[in-house]
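This is what each chain is made of:
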Amino acid sequence: MTLLPSGAVTLIYNPVALAAVYAESVQAAAQAAAATAGPHGAPSDTAAAVARAPLVLVVDDSLTVRRVTQRLLLREGYRVDTAKDGLEALERLARERPAVLLSDIEMPRMDGFDLVRNVRVDPGLSGLPVIIITSRIAQKHRDHAAELGVDHYLGKPYAEDELLGLIAGHVARAAAQPA
């Protein structure tokens, strides 16, 4: 556990231990998903429902952060794609528009601020909800993110419930908008 600057107590997870604990269940879920294919490889209703689940793109240069966040989101029923930096994220965004983009700031090749700049000038992505998750919690970083059009700014470690609430809110608003 640790104390946040606000005085709140928060848990710190050991991602290696979590991976060891959940590795078998993740493999079992993947095997179950593969088994849901109907005759001749056609997806069943369950597989189709998984394909319709909202996609969240997680961008962070830390493999550990990507995996821990991915497991959290998968457990909540989201589809998850990951990228290790802004350039890789832009490649992922060209393939499929996610419901929400989660990004760190400090990454190689293209940082999170440059990623947000690129997203905001792209007409097809300009309205994409962006949540920054970073260890840079100074007000100047928050202000810069706000100027770029970031929707939410969370410090690391983040509160899982807060993150999940933000994502669920964006997904619900998108679902309520006419197509």
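Residues numbered from 1 in each chain as written. Predicted model: local features only at pLDDT ≥ 70, side-chain atom pairs only at ≥ 80, totals over all residues. Heavy atoms only, no water.

### Digging into the overall build of the chain
Turning to step 1, where the next piece is worked out: Helices and strands together make up the secondary structure of the chain, namely seven helices and seven strands.
Turning to step 2, where the next piece is worked out: Put simply, the chain runs from its N terminus to its C terminus through helices and strands in the order β-β-α-α-β-α-β-α-β-α-β-α-β-α.
Turning to step 3, where the next piece is worked out: Taking all 179 residues of the chain together, 33% fall into the buried category.
Turning to step 4, where the next piece is worked out: Contacts in the chain between residues at least 24 apart in sequence constitute 58% of all its contacts with a sequence separation of at least 6. (Helix = DSSP H or I, 4+ residues; strand = E, 2+ residues; numbered from the N terminus. Buried < 20%, exposed > 50% of the residue type's maximum accessible area, 1.4 Å probe, protein only. Contact = heavy atoms within 4.5 Å.)

### Some thoughts on the side chain of Asp104
Turning to step 1, where the next piece is worked out: Inspection of the secondary structure puts Asp104 in the loop between strand E5 (100–103) and helix H5 (112–121).
Turning to step 2, where the next piece is worked out: Asp104 gets classed as buried once you look at its relative accessible area, which sits at 6%.
Turning to step 3, where the next piece is worked out: Of note is the side chain of Asp104, whose polar atom sits 3.5 Å from the side chain of Thr134.
Turning to step 4, where the next piece is worked out: Those residues in contact with Asp104, other than ones at most four positions away along the chain, are Val59, Asp60, Asp61, Gly112, Ile132, Ile133, Thr134 and Lys156. (Polar contact = N/O pair within 3.5 Å; in protein donor to acceptor, adjacent residues only side chain to side chain.)

### Thoughts on the confidence of the model for the chain
Turning to step 1, where the next piece is worked out: For the chain, mean pLDDT is 83; residues scoring 70 or higher make up 73% of the total.
Turning to step 2, where the next piece is worked out: Per-residue pLDDT stays below 50 along residues 44–50; that stretch engages in six contacts with residues further than four places along the chain or on separate chains. (pLDDT = per-residue confidence, 0-100.)

### Things to note about the nonpolar core
Turning to step 1, where the next piece is worked out: Ranked by internal contacts, the top residues of the largest apolar core, which has 21 residues, are Val59, Leu93, Leu101, Leu115 and Val119.
Turning to step 2, where the next piece is worked out: Going through the elements one at a time, strand E3 (55–59), helix H4 (86–95), H5, strand E6 (130–134) and helix H6 (139–148) are the ones with two or more residues in this core.
Turning to step 3, where the next piece is worked out: Considering every element that reaches this core, the biggest residue donor is H5, with four residues.
Turning to step 4, where the next piece is worked out: In contact with Val119, other than residues within four places in its own chain, are Leu93, Leu101, Leu125, Ser126 and Leu128.
Turning to step 5, where the next piece is worked out: By size, the runner-up hydrophobic cluster in this structure holds 17 residues, among which are Val100, Ile133, Leu154 and Val171. (Core = buried A, V, L, I, M, F, W, Y, C linked by side-chain atoms within 4.5 Å.)

### Remarks on H5
Turning to step 1, where the next piece is worked out: Looking only at H5, the buried set comprises Gly112, Phe113, Leu115, Val116, Val119 and Arg120. Around the axis of H5, the buried residues are gathered within 155° of arc, so they sit on the same side.
Turning to step 2, where the next piece is worked out: The inward-facing, buried residues of H5 abut E3, H4, E5, E6 and H6.
Turning to step 3, where the next piece is worked out: If you check the start of H5, you find a side-chain oxygen 3.1 Å away from the backbone N of Phe113, and it comes from Asp111. (Arc of directions from axis to C-beta.)

### Concerning the pattern of salt bridges
Turning to step 1, where the next piece is worked out: For the structure shown, the criterion picks out twelve salt bridges.
Turning to step 2, where the next piece is worked out: For Arg95, the salt bridge goes to Asp81, with nearest N and O atoms at 3.9 Å. Of this pair, Arg95 sits in helix H4 while Asp81 sits in strand E4 (residues 79–83), placing them 14 residues apart in sequence.
Turning to step 3, where the next piece is worked out: Judged by relative accessible area, Arg95 falls into the exposed class, the value being 61%.
Turning to step 4, where the next piece is worked out: You can call Asp81 partly exposed: its relative accessible area is 21%.
Turning to step 5, where the next piece is worked out: Between Arg136 and Glu106 there is a salt bridge, with the nearest N and O atoms lying 2.6 Å from each other. Of this pair, Arg136 sits in the loop between E6 and H6 while Glu106 sits in the loop between E5 and H5, placing them 30 residues apart in sequence.
Turning to step 6, where the next piece is worked out: Relative accessible area serves as the criterion here: at 41%, Glu106 is assigned to the partly exposed category. (Salt bridge = Lys/Arg side-chain N within 4 Å of Asp/Glu carboxyl O.)

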